Amino acid sequence: MNELTLAARMSRLGTESAFDVLMRANRMAADGCDVINLGIGQPDAQPPETAIEAARKALRDAHHGYTDPPGLPALREAVAANLHRRLGIDVAPDLILVTPGAKPVMFFAMLMFGESEAEILYPDPGFPIYRSMIDFSGAGAIPYRLEESRGFSLDPESVLSQVTERTRLIILNSPANPTGGVTAGQDMDRLVEGLLDHPQVAILSDEIYDQIYFDESRPVSLLEYPDIRDRLIVLNGWSKTYAMTGWRLGYSVWPRQLMDVVSRLAINSHSCVNTAAQMGGLAALEGPQDTVSAMVSEFASRRTQLVDRLNGLSWFSCQAPGGAFYVFPNITNTGLSGRIFQDRLLTETGVALIAGNSFGNAGEGFVRISFALDQSRIEEGMDRIGHFVSNL
Ligand code: PLP
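About the cut-offs
In every chain, residue numbers begin from 1 and rise along the written sequence. Per-residue local features are limited, in this predicted model, to residues with pLDDT of at least 70; the limit for side-chain atom pairs, both in listing and counting, is 80 or more; totals at the level of whole chains, interfaces and linings are taken over all residues. Values shown for side chains rest on all heavy atoms present in the structure; no hydrogens or waters enter the calculation. Burial status follows relative accessibility: with a 1.4 Å probe on protein chains alone, a residue under 20% of its type maximum counts as buried, one over 50% as exposed, and anything between as partly exposed. By definition, any uninterrupted DSSP run of H or I lasting at least four residues is a helix, any uninterrupted run of E lasting at least two residues is a strand, and each is numbered from the N terminus. Any two strands with at least two DSSP-identified bridges between them are counted as paired. Consider the strands pointing away from the viewer: the crossover is right-handed when the path from the first strand over the helix to the second runs clockwise. The salt bridge definition used is simple: a Lys or Arg side-chain nitrogen within 4 Å of an Asp or Glu carboxyl oxygen. What a helix should span is 1.5 Å times the count of its residues minus one. Directions drawn from the helix axis to the C-beta atoms are what define this arc. Two residues qualify as a contact provided that any one of their heavy atoms is within 4.5 Å of a heavy atom in the partner residue. Nearness is judged by heavy atoms alone; a residue qualifies as near a molecule or strand once a single heavy atom is within 4 Å of it. Nitrogen and oxygen atoms within 3.5 Å of one another constitute a polar contact, given that in protein one can donate a hydrogen and the other can accept it, and given that sequence-neighbouring residues count only through two side-chain atoms. Per-residue and other accessible areas were derived by the Shrake-Rupley procedure at a 1.4 Å probe size, with only the shown protein chains allowed to occlude residues. Residues are grouped as follows: Ala, Val, Leu, Ile, Met, Phe, Trp, Tyr, Cys and Pro are nonpolar; Asp, Glu, Lys and Arg are charged; every other residue, Gly included, is polar. For the domains described, the bounds stem from an automatic or database domain assignment. Here's the idea: put two parts together, see how much 1.4 Å probe accessible area each one loses, and the total over both is what we call buried area. We score Asp and Glu as negative and Lys and Arg as positive, and we do not count His or the chain ends. To define a nonpolar core, start from buried Ala, Val, Leu, Ile, Met, Phe, Trp, Tyr and Cys residues and group those joined through side-chain atoms within 4.5 Å. Where helices are involved, their axes are fitted lines through C-alpha atoms of the stretch in contact, as for all axes, and angles between N-to-C directions lie from 0 to 180°. An angle below 35 degrees is read as roughly parallel, one above 145 as roughly antiparallel, one from 65 to 115 as roughly perpendicular, and any other as oblique. Working rule for handedness: look at the near helix, and if it is turned counterclockwise from the far one by less than a right angle, call the crossing left-handed; if clockwise, right-handed.

K.L.:
I would appreciate a short explanation of the pairing of strand β6 (residues 202-206) in the present structure.
P.N.:
In regular strands, side chains alternate between the two faces of the sheet. Most of β6 is tucked away, with 5 of its 5 residues classed as buried. Across the two faces of β6 the burial is the same, with Ala202, Leu204 and Asp206 and Ile203 and Ser205 all buried. Taken together, the 5 bridges between strand β5 (residues 167-173) and β6 define a ladder with parallel strand orientation. Counterpart to isoleucine 170 in the pairing with β6 is isoleucine 203. Following the backbone out of β5, through helix α7 (residues 185-195) and into the adjacent parallel β6, one traces a crossover that is right-handed. The pairing of β6 with strand β7 (residues 232-237) spans 4 bridges and is classified as parallel. Bridging from a neighbouring strand, isoleucine 203 pairs with leucine 232 of β7.

Here it is as structure tokens:
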């Protein structure tokens, strides 16, 4: 066999260990083990019926062709109307790009700004693909820490102190994966104010969990700051809000100066998004929103259940997350590293969760537990976890 020479950048590409754990858990389940998957990163709710019907109808009505690369015009208008309804802000539909899931938006932003000599700031702990794609792009990956003592809300002064003349992009994520942390409004105000002194820095705000929050006031969106709109990229989509992860449907808002280049990236990579999925996504935005509110109130009661159970065990301390559907308890009292905790718990009890350092070095000493499964399974998972730690 010929020896193939891969481009050097391929060795810099990381991965998302949640998928590794998921595969191991699935194998154990196929072998007959009663696996409780608390590692899962997708809602267990059903998408809106209107979305399913609209996608079916699209196929029956023979919508089999390509669409405009940035998305169906009606869908881009519906996204703009949705943003106006929810946030009270105006976004021109021609600044919206529909993508196959939200992940490509990260890839595009990193390809646009990342190269050697450039630096990109990202949250640690944070969604692992940020770090992976920064490395792939060749840029310096500069983590900013999210502290447990601040409920994993970013510290604006500490983030700003890491901005240099090499900084090209800063990644924000609130509500956050894996911590559920929500950045407080005044902290975001301060961060944006500080960024006004660094006009060369673009901002990628990952707002994929923006409608899953538990306090009365909604998390702020970076779209609410007009002074940075000319360098702001907002990532969002249908995966979490409408429980449509497998549909691969996301959207993003871009500054006008980047719209042409991102449209070319889209044409070079995926051409356009599956037409029937776009039509389903349109129906989800325009139809009743009761599936979203029902899912969020169910998540709220599971959050209380999990936080109470964890804090009832002396081995854990757990902050109540402000959003998303994860808790990120501190496990240092168990004396185990996150990775050993994760591996032993899975093999010895059949409970899957994700070691905190899968999300960056600052995640060591924590694990991510998802509450995207029903309360009786969470209860059973917590019973097994309690039994496991008491036998350590
Ligand atoms: N951003 C964050 C913070 C996520 O947790 C995820 C998925 O887990 C995504 C983006 C990706 O979303 P999508 O499945 O729409 O690509």
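K.L.:
Sorry, what's going on with the pattern of salt bridges here?
P.N.:
Opposite charge on two side chains permits pairing when their charged atoms draw close. The full count for this structure, using the stated rule, is 24 salt bridges. Its salt-bridge partner being aspartate 61, residue lysine 57 comes within 2.5 Å of it at the nearest N-O pair. By relative accessible area, which is 44% here, lysine 57 ends up partly exposed. In this structure, the salt-bridge partner of arginine 190 is glutamate 157, at a minimum N-O distance of 2.6 Å. Note that arginine 190 is positioned in helix α7 and glutamate 157 in helix α6 (residues 156-161), a separation of 33 residues in sequence. Arginine 190 sits in the partly exposed class, given a relative accessible area of 28%. Residues participating in the shared-partner salt-bridge network are Asp34, Arg377, Glu380 and Arg384.

K.L.:
Please clarify how the sheet that holds strand β9 (residues 326-327) should be interpreted in this entry.
P.N.:
Read across the open sheet, the 3 strands follow the order β9-β12-β11; overall the sheet is antiparallel. Two strands bound the open sheet, and with one partner strand each, they are β9 and β11 (354-355). Across 2 bridges, the pairing between β11 and strand β12 (residues 367-370) is antiparallel. In the strand pairing of β12, alanine 355 is matched with valine 367.

K.L.:
I would appreciate a short explanation of helix α1 (residues 17-30) in the present structure.
P.N.:
An α-helix turns once per 3.6 residues; consequently, residues spaced three or four apart project the same way. In a regular helix each residue adds 1.5 Å, so 14 residues correspond to 20 Å; α1 covers 20 Å between its end C-alpha atoms and thus fits that length. Along α1, the residues that are buried comprise Ser17, Ala18, Val21, Ala25 and Met28. Looking straight down α1, one finds that the buried residues subtend no more than 110 degrees of arc, so they occupy a single side. Exposed side chains of α1 directed beyond 90 degrees from the buried face belong to Arg27 and Ala30. Of the surrounding secondary structure, the elements contacted by the buried residues of α1 are β1 (36-37), α11 (338-349), β10 (351-352), β11 and β12. Looking at the residues trailing α1, positive phi occurs at glycine 32, about 100 degrees.

K.L.:
What should I look at first to understand the site of the ligand in this one?
P.N.:
Near the ligand lie 14 residues; those nearest to it are Asp206, Tyr209, Ser239, Lys240 and Arg248. Taking alanine 102, its main chain carries an N or O atom lying 2.9 Å from an oxygen atom of the ligand. Protein coverage of the free-state accessible area of the ligand, which is 400 Å², stands at 93%. Across the shell around the ligand, the residue classes tally to 6 nonpolar, 4 polar and 4 charged.

K.L.:
Honestly, the domain arrangement of the protein in this entry has me stumped. Any pointers?
P.N.:
Buried accessible area, meaning the area lost when the parts come together, often serves as the stated size of an interface. In terms of domains, the protein is made up of domain 1 (8-46 + 290-390) and domain 2 (65-286). Taken together, the contacts link 39 residues of domain 1 with 35 residues of domain 2. Carbon and sulfur atoms supply 61% of the area buried between domain 1 and domain 2, which totals about 3000 Å² over both sides. For domain 1, the biggest contributors to the area lost against domain 2 are Arg12, Phe359 and Ala362; these three give 18% of the whole. Here domain 1 is connected to domain 2 by 1 salt bridge.

K.L.:
I would appreciate a short explanation of the side chain of asparagine 82 in the present structure.
P.N.:
With respect to the element layout, asparagine 82 can be found in helix α3 (residues 73-87). Within the local environment of asparagine 82, its side chain forms a polar contact with the side chain of arginine 86, the two groups lying 2.8 Å apart.

K.L.:
Sorry if this is basic, but what is going on with the side chain of arginine 76 here?
P.N.:
In this structure, arginine 76 sits in helix α3. Aspartate 68 provides the closest opposite charge to the buried, unpaired arginine 76, separated from it by 5.3 Å. A polar side-chain atom of arginine 76 sits 2.7 Å from the main-chain carbonyl oxygen of isoleucine 96. If we ignore the near neighbours within four places in the chain, the residues touching arginine 76 are Pro70, Gly71, Pro93, Asp94, Leu95, Ile96, Val98 and Met259.

K.L.:
Teacher, can you tell me more about the nonpolar core here?
P.N.:
One recurring pattern in soluble globular proteins is that nonpolar side chains are buried together. By size, the foremost hydrophobic cluster in this structure holds 121 residues, and its most contacted members are Trp238 and Phe341. The greatest single-element share of this core, amounting to 7 residues, is contributed by helix α10 (residues 290-311). Lining this core are residues from two domains, each supplying at least three of them: domain 1 (8-46 + 290-390) and domain 2 (65-286).

K.L.:
Is there a simple way to think about the packing of α10 against helix α12 (residues 375-390) in this case?
P.N.:
A pair of packed helices is captured by two measures, namely the crossing angle of their axes and the spacing between those axes. Following both chains from N to C, one finds α10 and α12 inclined at 15 degrees, their axes separated by 11 Å at the closest point. Taken together, the axis directions place α10 and α12 in an arrangement best described as roughly parallel. As for the relative orientation of α10 and α12, their crossing is right-handed in sense. Taken together, the residues of α12 that come into contact with α10 (itself represented by Glu298, Ser301, Arg302, Gln305, Leu306, Arg309 and Leu310) are Gln375, Ile378, Glu379, Met382 and Asp383. Here the residues of the contact of α10 with α12 sort into 4 nonpolar, 3 polar and 5 charged.

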